[in-house]
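# Fold and geometry: a report
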Amino acid sequence: MSQRGFTSQLLHADRRGGIEHGSIHKPVHTAVTYGYDDARELAAVFQGRSPGYTYGRQVNPTVTALQDKITLMEDGVASAAFATGMAAIGTTLFALLRNGDHMVSSSFLFGNTNSLFNSFDVHGVSVSFADATSVDDIAEAINESTKLVFVETIANPRTQVSDLEAIGRLCAERGLIYVVDNTLTTPYLFRPKSVGASLVINSLTKYVGGHANALGGAVTETGHYAWESFSNIYDDYKKGDPSGWAIQQIKKKGIRDFGATLGPEAAHHLSIGSDTLGLRMDRICANALALAKWLDADPRVQRVYYPGLPGHPEHALASRLFGGFGGILSIDLPPPLDCFDFLNRLELVICTSNLGDTRSLAIPVAHSIYFEMGPERRAEMGIDDSLVRFSIGIEDEADLIADFDQALG
Ligand SMILES: *Cc1c(COP(=O)(O)O)cnc(C)c1O
C-alpha cells in the first residue's frame, strides 16, 4: 500500500491496473468465455501456468478488479468475491473444513449465519457457540478437533463487540484459523488484519456497495495464517507462496465447484459504490452517534444499544479499535409503546430489512429476521420482542431526530 489515504487509493485503484482506452474505472465485461488463438496458451491458462480468463463461473475481469479493490481496502494478500455475503461465509467454510472438524463461533451472529452454522452439524462439522465478548468463553469452547474461530466485529442487532485482539492472540497460540466478519465495521473503520485475523469476510451488499442495488460478498486472505501447517489443503493447491493456498482452494473448491459466482454487473455496482465508502461511513457514524445520544437521553426509550455510548459494555474496546462506531443502533421500547405502532409512525426511516444503505432503515427484529430461530435462541442472543434495529443512513441529522421524535409520540 502506498502512503495515500483510504479514499484516494480506492478512487485511483482500477485505472492504475491499465484499463483499455484510458477508461477511469473497470468496464463491465459480460463475456462468459474467452477465446485463444493458440490452444497451448488455453491449456497454460487452465493449468494456472499463465494468467488469463477461462470461464465466467470461475473468473471475470470486472470481478477480478473488484477483488483487487477489496484486497487493497483490507490491506490483504488476495480476495475472492461471491454472489452474496452468505455465499462468502458458506463457501469459505465448506472449502476449508472437513467431516469431523469442529469450529467455535460467536453466539452473537447475523441471523442467516446462525442458521447456516446450525445446519453444519448434519454435514459432519460441529459448531460450539460462545460469548465472543469474552476470550475466556471462546477458549473454553475449543477442543482437540477445533480448526477455526468465527466472530463478527460488531454484532447485529445488540451491537456486542467481540474481544477481537484477545481472540486473535488465542488463535495464534493455538494455531487456529481466525475468521472475522467485518461487515458492520467495514475496512474503513477497522482492519481485522490488525488483530491477527486469518480471513476477513465482508458482505459487500451492505456498506461497501452502500446503495442497496447489488448483492455481493468477499473473503480476504490477510497473510497471517501458516497454511502449510493446515491439514485440509489439497496437494493441488499447495503451489507457490503458502499465503495463497487457502484462497486458491476457496476459489477452486468453493467458487468454481459450488458456483456462487458474483456477476460482472453486480461487481461494477459494488465497485462504484465502494469509492465513497469513507465519506458515507463518516456521515453514517456521525448521524448514528448523534441519534444514539439523543435517544439515550429520552425517557420515552427504555434502552439504547450503540457502541459509541459510554455506557455500552465494550465502549472502551470499540473506541480503541474502530475509527467510528458504525451505523447500527437498536432500542428497546418501554412496554406500553408497541414497536409496530412506532415503526408505522416513522416517515423518513424506511421499515425494511437490510442494512448499510444510504437511507435509514428500521426493523422489528424478533418478529422478522430472528423469528425463525425461536424464543429460546433469541433470549440467548438478548433479543427482546420490543427490540427495534436501525441502520442509520446519510440523511440530514436534524431530519432524523425530528422523525424519531414524532414517531415516539
Ligand atoms: C448481511 C450480512 C451477511 C450476509 O450478506 P448477504 O450479502 O446478505 O448475503 C453476513 N454477515 C453480516 C454481518 C451481515 O450483516
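Since this is a predicted model, take the numbers as computed values, not measurements. (Residues numbered from 1 in each chain as written. Predicted model: local features only at pLDDT ≥ 70, side-chain atom pairs only at ≥ 80, totals over all residues. Heavy atoms only, no water.)

## A short note on the sheet that holds strand β10 (residues 350–351)
Ordered by their spatial adjacency, five strands build an open sheet running β8-β9-β12-β11-β10, and the pairing between neighbours is mixed. Strands with a single pairing partner mark the edges of an open sheet, and in this sheet they are β8 (303–305) and β10. Strands β8 and β9 (328–332) of the sheet are contacted by helix α12 (residues 277–296), whose axis makes an angle of about 15 degrees with β9. (Pairing = 2+ DSSP bridges. Helix = DSSP H or I, 4+ residues; strand = E, 2+ residues; numbered from the N terminus. Contact = heavy atoms within 4.5 Å. Axes fitted to C-alpha atoms, helices over the stretch in contact; angles between N-to-C directions.)

## Description of the domain arrangement of the chain
Often the size quoted for an interface is simply the accessible area lost on bringing the parts together. Domains assigned within the chain are domain 1 (6–274) and domain 2 (278–408). Counting residues at the interface gives 39 residues for domain 1, matched by 42 residues for domain 2. For the domain 1 and domain 2 pair, buried surface summed over both sides reaches about 3200 Å², with 58% attributable to carbon and sulfur atoms. Applying the counting criterion to the domain 1 and domain 2 interface returns one salt bridge. When the shortest N-O distance is used, the salt bridge between Glu165 and Arg320 registers 2.4 Å. Our enumeration of links across domain 1 and domain 2 arrives at 17 residue pairs in polar contact (both at pLDDT 80 or more). Every element with two or more residues in the side of domain 1 that touches domain 2 is listed here: α1 (6–16), α5 (111–118), α7 (164–174), α8 (186–189), α9 (204–208) and α11 (264–274). Classifying every residue of the side of domain 1 that touches domain 2 gives 17 nonpolar, 18 polar and four charged. (Domains from an automatic or database assignment. Buried area = accessible area lost by both parts, 1.4 Å probe. Salt bridge = Lys/Arg side-chain N within 4 Å of Asp/Glu carboxyl O. Polar contact = N/O pair within 3.5 Å; in protein donor to acceptor, adjacent residues only side chain to side chain. Nonpolar A, V, L, I, M, F, W, Y, C, P; charged D, E, K, R; others polar.)

## A word on the environment of Phe230
Following the sequence through the fold, Phe230 ends up in the loop between β7 (217–221) and α10 (245–258). Overall, Phe230 belongs to the buried group, its relative accessible area being 4%. The spatial distance from the C-alpha of Phe230 to the C-alpha of Ala246 is 9.4 Å, given a sequence separation of 16 residues. Non-local contacts of Phe230, meaning those with residues more than four positions away in its chain, are made with Leu96, Lys147, Ile177 and Tyr225. (Buried < 20%, exposed > 50% of the residue type's maximum accessible area, 1.4 Å probe, protein only.)

## Examining the site of the ligand
In the neighbourhood of the ligand, 13 residues make up the surrounding shell, with Gly85, Met86, Asp181, Thr205 and Lys206 lying closest. At a separation of 2.8 Å, an oxygen atom of the ligand approaches a polar backbone atom of Gly85. Within the side chain of Thr205, a nitrogen or oxygen atom sits 2.6 Å from an oxygen atom of the ligand. Starting from 380 Å² of accessible surface for the ligand in isolation, the protein chains cover 93%. Of all elements in the fold, only α4 (85–96) and α9 reach the threshold of two or more residues within the shell around the ligand. Considering every element that reaches the shell around the ligand, the biggest residue donor is α4, with three residues. Grouping the amino acids of the shell around the ligand by side-chain chemistry returns four nonpolar, six polar and three charged. (Near = heavy atom within 4 Å. Areas by Shrake-Rupley, 256 points an atom, 1.4 Å probe, with all protein chains shown as cover.)

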